[in-house]
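An overview of the molecular structure
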Amino acid sequence: MAIFLVLLLLLASAVSGDEDAFIGVNIGTDLSDMPSPTQVVALLKAQNIRYVRLYDADRAMLLALANTGIQVTVSVPNDQLLGIGQSNATAANWVARNVLAHVPATNITAIAVGSEVLTALPNAAPVLVSALKFIHSALVASNLDRQIKVSTPHSSSIILDSFPPSQAFFNRSWDPVMVPLLKFLQSTGSYLMLNVYPYYDYMQSNGVIPLDYALFRPLPPNKEAVDANTLLHYTNVFDAVVDAAYFAMSYLNITNLPIVVTESGWPSKGDSSEPDATLENANTYNSNLIKHVLNNTGTPKHPRIAVSTYIYELYNEDLRPGSVSEKNWGLFDANGMPVYILHLTGAGTVLANDTTNQTFCVAKEGADPKMLQAALDWACGPGKVDCSPLLQGHPCYEPDNVVSHSTFAFNAYFQKMAKSPGTCDFKGVATITTTDPSHGSCIFPGSIGKNGTIINGTSLAPSSNSSTSGCPSQNFYGDSSFTTSVIIAVLLMTAVFL
């Protein structure tokens, strides 16, 4: 089950130019230790991400996103496309199950029907437009067609002869699909979804495209690419590809159709054949992309018209097949630790929170209560953690269960050991998170307190003279009181701009 919560960098999507750009993310789930939906949403909140794209319509994720206000794009996976494209009833059932069951609590604003169908699943191309129309009809029947737009993401490789942009055109073999598709998007007030990867354009150019041009780095005027037909100057690959799509649509007599970039990013690590997949380049590309989009500069062809963009992606996916780079497009690892700190001075608060020093050790969801208890006893005993705050009447006694108490003890040990590698494991029942587990008057070690200071000590209450270091006895917990949920208290941290 692959959700791609696409770190949605969704910038303003109206070609009218009267909307501001916004940022969202893609989230892949090919991780060996995938965070729970609750943890994913907590990270989104902490990073002020207000737009997300899912690669399916995972029920647990949609429930976790309920009542957050986060705008969600859900997707029809490619393996369901043929059935939906051949049956109006199947499409209506899909909408009922995956959309109607969640709105309005979950703010679903778009449906992506398939992903790169023309290039990845060409045998389904003949039913693609039907699938969009059937999904849209189901929305119309529920009076949701104005709130929820329907489209389908395309690979930019369907655009041929993309430079100069003014000469670009869609692969003519797809005209029987693209012409009715674009007319449908225009008639329903939707937009063209396009995946733009300057990394691949650069890698496949055999040295023709300069690295700086792909990374949005400043170029001297004599190095800028100039479209000889329009005399428009291009300072980066991203704008050139987007304008190529605009020109390709215009040759099919489609104008004023907005473009949303549903995927864009840069890998932070690669194998020997991918020397430019580095932390520095990934940071440079994504930082510059975010600033470029949020500045509402638009493209040379359509200046000041925002191009909504989803960053690919939120998490590194260690289980993805393929080259090393395929596993390393994420902004964060599975624990919510940033792979690198984006340079976003003056670009607002989205993704601007440095969570490097804000990490905590918590009980893993679903962990065996008996193993949690054993680890709790060790932390409060041989581990020499001051567990007196867990005693009855003290700040961290409630909630009185093994998950809550072990989370406190695990984190106290983790902070005491200066977050050293291996100090948040406890035989597999603990995990690192960037979500502050503090609650009420129980302020965890490592937390930013109410006065903005970081609490580094492990004692938040008077020390106990008990030989067990204040650790509650195992018999405090009966099996009936165990819960498997980790307490998550979202901490909206002060943005750190680099």
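Residues numbered from 1 in each chain as written. Predicted model: local features only at pLDDT ≥ 70, side-chain atom pairs only at ≥ 80, totals over all residues. Heavy atoms only, no water.

The name an unreviewed UniProt entry gives the protein is glucan endo-1,3-beta-D-glucosidase, with Corchorus capsularis as the organism. Checking UniProt for the protein, the heading Sequence similarities (unreviewed entry) contains the comment "Belongs to the glycosyl hydrolase 17 family." Under the Subcellular location (unreviewed entry) heading, UniProt states for the protein: "Cell membrane". (UniProt positions renumbered as here; feature names shortened; annotations may be inferred.)

The next point concerns the confidence of the model for the protein. A residue-level look at the protein finds 83% of positions with pLDDT of 70 or above and a mean pLDDT of 83. Mean pLDDT across the elements of the protein ranges from a minimum in strand β1 (residues 7-8), with 44, to a maximum in strand β6 (residues 149-151), with 98. Here residues 1-17 is a poorly scored stretch, pLDDT under 50, and it has 125 contacts once near neighbours within four places are set aside; other chains count. Across residues 449-498, confidence stays below pLDDT 50; counting only partners more than four residues off in sequence or on other chains, it has 118 contacts. (pLDDT = per-residue confidence, 0-100. Helix = DSSP H or I, 4+ residues; strand = E, 2+ residues; numbered from the N terminus. Contact = heavy atoms within 4.5 Å.)

The next subject is helix α12 (residues 369-380). Because each turn of an α-helix spans 3.6 residues, side chains separated by three or four positions in sequence point in the same direction. With 12 residues, α12 extends 16 Å from end C-alpha to end C-alpha; this agrees with the ideal 16 Å at 1.5 Å per step. Among all positions in α12, only P369, L372, Q373, A375, L376, A379 and C380 are buried. Here the buried residues of α12 occupy an arc of 165° about the axis, which is enough to place them on one side. Packing partners of the buried residues in α12 comprise β15 (360-363) and α13 (402-416). With a side-chain oxygen positioned 2.9 Å from the backbone nitrogen of K370, the residue opening α12 is D368. (Expected span 1.5 Å × (residues − 1). Buried < 20%, exposed > 50% of the residue type's maximum accessible area, 1.4 Å probe, protein only. Arc of directions from axis to C-beta. Polar contact = N/O pair within 3.5 Å; in protein donor to acceptor, adjacent residues only side chain to side chain.)

Taken as a whole, this structure holds 18 aromatic pairs when the rule is applied. For the ring pair F410 and F426, a centre distance of 4.2 Å and an interplane angle of 15° mean the geometry is stacked. Separated by 16 residues along the polypeptide, F410 in helix α13 and F426 in the loop between α13 and β16 (430-433) bring together distant segments of the chain. With a relative accessible area of 13%, F426 lands in the buried category. Site record: aromatic cluster; members linked through ring pairs are Y197, Y199, Y200, Y202, F216, F238, W266, Y285, Y312 and W329. (Phe/Tyr/Trp six-rings, centres within 6.5 Å; stacked < 30°, edge-to-face > 60°.)

Grouped together as the largest cluster of nonpolar side chains are 109 residues, with contacts concentrated most on V99 and L351. Ranked by residues supplied to this core, first place goes to helix α10 (residues 237-250) with 11 residues. Counting 26 residues, the second-largest nonpolar core is a separate cluster that includes A363, C380, V385 and V402. (Core = buried A, V, L, I, M, F, W, Y, C linked by side-chain atoms within 4.5 Å.)

Counted under the stated rule, the structure contains three disulfides. Paired through a disulfide, C396 and C442 show a sulfur-sulfur distance of 1.9 Å. Disulfide C396-C442: the torsion about the S-S bond is 100°, which places it as right-handed. Here C442 lies in the segment after β16 and C396 lies in the loop between α12 and α13, a separation of 46 residues in the sequence. By relative accessible area, which is 2% here, C396 ends up buried. What links to what in the protein: the bonded cysteines, counted in sequence order, pair as 1-5, 2-3, 4-6. (Disulfide = S-S within 2.5 Å.)

Note that T299 resides in the loop between α11 (279-294) and β14 (308-312). One polar contact links T299 to D243, side chain to side chain, over a distance of 2.5 Å. Residues contacting T299, with those up to four places away along its chain left out, are D239, V242, D243, Y246 and V307.

This brings us to the pattern of salt bridges. The final tally for this structure, using the stated rule, is six salt bridges. Taking the shortest distance from any N to any O, the salt bridge between R53 and E263 comes out at 3.3 Å. Residue R53 is found in strand β3 (residues 51-53), and its partner E263 is found in strand β13 (residues 259-264); the two are separated by 210 residues along the sequence. The same class applies to R53 and to E263, which are both buried. Linking R320 and E317 is a salt bridge whose minimum nitrogen-to-oxygen distance equals 3.9 Å. Comparing R320 with E317, the two get one shared label, buried. A network of salt bridges, in which partner residues are shared, links D30, E317, R320 and E326. (Salt bridge = Lys/Arg side-chain N within 4 Å of Asp/Glu carboxyl O.)

Quick look at the packing of helix α6 (residues 128-141) against helix α7 (residues 175-187) now. The description of two packed helices rests on the angle between their axes and on the distance between the axes. Axis separation between α6 and α7 bottoms out at 9 Å; the angle between their running directions is 20°. It follows from the interaxial angle that α6 and α7 lie roughly parallel. Considering how the two elements wind past one another, α6 and α7 form a crossing that is left-handed. Note on element contacts: α7 touches α6 through V177, P180, L181, F184 and L185, opposite L128, V129, L132, K133 and H136. Along the lines of polarity and charge, the residues of the contact of α6 with α7 split into eight nonpolar, one polar and one charged. (Axes fitted to C-alpha atoms, helices over the stretch in contact; angles between N-to-C directions. Parallel < 35°, antiparallel > 145°, perpendicular 65-115°, else oblique. Left-handed = near helix turned anticlockwise from the far one by under 90°. Nonpolar A, V, L, I, M, F, W, Y, C, P; charged D, E, K, R; others polar.)

When you line up the elements, W266 lands in the loop between β13 and α11. Taking relative accessible area as the criterion, W266 reaches 0% and is therefore assigned buried. In sequence terms W266 and L215 are 51 residues apart; their C-alpha atoms lie 9.1 Å from each other. Within the local environment of W266, its side chain forms a polar contact with the backbone oxygen of D276, the two atoms lying 3.0 Å apart.

Let us look at unusual backbone geometry. Backbone torsion omega between V103 and P104 reads 5°, so that peptide bond is classified as cis. Inspection of the secondary structure assignment puts P104 in the loop between α4 (88-100) and β5 (107-113). The omega torsion of the bond from E398 to P399 falls at -5°, within 30 degrees of zero and hence cis. As for its placement among the helices and strands, P399 is situated in the loop between α12 and α13.

The next subject is α13. When the terminal C-alpha atoms of α13 are compared, their 21 Å separation across 15 residues agrees well with the 21 Å that a helix rising 1.5 Å per residue should span. Of all 15 residues making up α13, 14 are buried, and the element is well covered by its neighbours. The first or second residue beyond α13 is A418, which carries a positive phi of 60°.

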